[in-house]
Amino acid sequence: MYLKQRIINSVLPNPQTLTIIVSLLATLGVFLELLGGIWDASSHAIRAPEYFWSIQHVAVYFGVSTVAASSILGFFMLRKKIITGKTKTAIKIIILGSILQIVAGYGDSISHDIFGIDGLISWSHQPLEFGLVLSSLGGYLLLSHRKNDFFKKLMPISIFAVLASSCWLAFSLTLVISAIPVCTLVYEMFSSGCAVL
């Protein structure tokens, strides 16, 4: 057992480096998801055909996979008890956000299979967006505790990810409250409409 632990410790980077990797993966994954989402919305504007496995959606899925990789690494760090305090809390937030995104993404796949093209409001989109907010927040919290100049340069990307994902969720929630008047205005942009499933 002692030899196994020595091998693991010699192969794995130190906890500080692992924390850096988790924060980078979480922040960049959310950023990729947001770019893919914007790309998808712009494809609606030009009335491009909508498919679940479109290139825009694949960009979003790659971002989800990146966040999932950060949460798996973070989970490993939690299990090995090599982190404490605020870092532990931030990693738990990333893990929760990642789980929400994966479950809601699978639910969205089922929704597309059953209902076809859905609108902005569906039973799977809002949990997915909330998971996006949590993952971006966890990534921001991890980066905000780093004193390195390199991480200070990444802070604007992290702040953008938190703000953009929060605005995206807020917009979706306003559609729930005022679905008909707001959906009428954005129907031309989102050719599938603002169907509430």
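Quick note: structure is the one above.
A brief structural summary.

Reading the values: rules and limits
Residues numbered from 1 in each chain as written. Predicted model: local features only at pLDDT ≥ 70, side-chain atom pairs only at ≥ 80, totals over all residues. Heavy atoms only, no water. Patch = residues over 30% accessible without salt bridge, like charges linked within 9 Å, V, L, I, M, F, W, Y side chains within 5 Å. Areas by Shrake-Rupley, 256 points an atom, 1.4 Å probe, with all protein chains shown as cover. Salt bridge = Lys/Arg side-chain N within 4 Å of Asp/Glu carboxyl O. Helix = DSSP H or I, 4+ residues; strand = E, 2+ residues; numbered from the N terminus. Lys, Arg positive; Asp, Glu negative; His and termini not counted. Charge placed at Lys NZ, Arg CZ, Asp CG, Glu CD. Buried < 20%, exposed > 50% of the residue type's maximum accessible area, 1.4 Å probe, protein only. Phe/Tyr/Trp six-rings, centres within 6.5 Å; stacked < 30°, edge-to-face > 60°. Core = buried A, V, L, I, M, F, W, Y, C linked by side-chain atoms within 4.5 Å. Contact = heavy atoms within 4.5 Å.

Quick look at a nonpolar patch on the surface now. A grouping of Trp39, Trp53, Ile55 and Val58 is seen on the molecular surface, where their side chains present a nonpolar patch of about 460 Å² in accessible area. One can find Trp39 in helix 2 (residues 15-45).

On the surface, Arg79, Lys80, Lys81, Lys88 and Lys92 cluster together into a patch of positive charge. Its place among the elements puts Arg79 in helix 3 (residues 55-79). Under the relative-accessibility criterion, Arg79 is labelled exposed at 62%.

Okay, the packing of aromatic side chains next. Each aromatic ring pair is specified by the distance between its two centres and by the angle formed by the two planes. All told, the structure shown has one aromatic pair when counted by the stated rule. A centroid spacing of 5.8 Å and a plane angle of 70 degrees characterise the contact between Phe31 and Phe160, whose relative ring orientation is edge-to-face. Here Phe31 is found in helix 2, whereas its partner Phe160 is found in helix 6 (residues 149-177), with 129 residues between them in sequence.

Quick look at the nonpolar core now. Formed by Leu18, Val22, Ala26, Leu73, Met77, Leu78, Ile83, Ala90, Ile91, Ile94, Ile95 and Leu142, the largest nonpolar core amounts to 12 residues. Here this core gets four residues from one element, more than from any other, and that element is helix 4 (residues 85-115). The contacts of Ile94, once residues within four sequence positions are left out, are Val22, Ala26, Val67, Ser70, Ser71, Ser135, Gly138, Gly139 and Leu142. Residues Leu34, Val67, Leu132 and Ala161 belong to the second largest nonpolar core, which totals five residues.

Remember, this is a structural readout, not a statement about activity or role.
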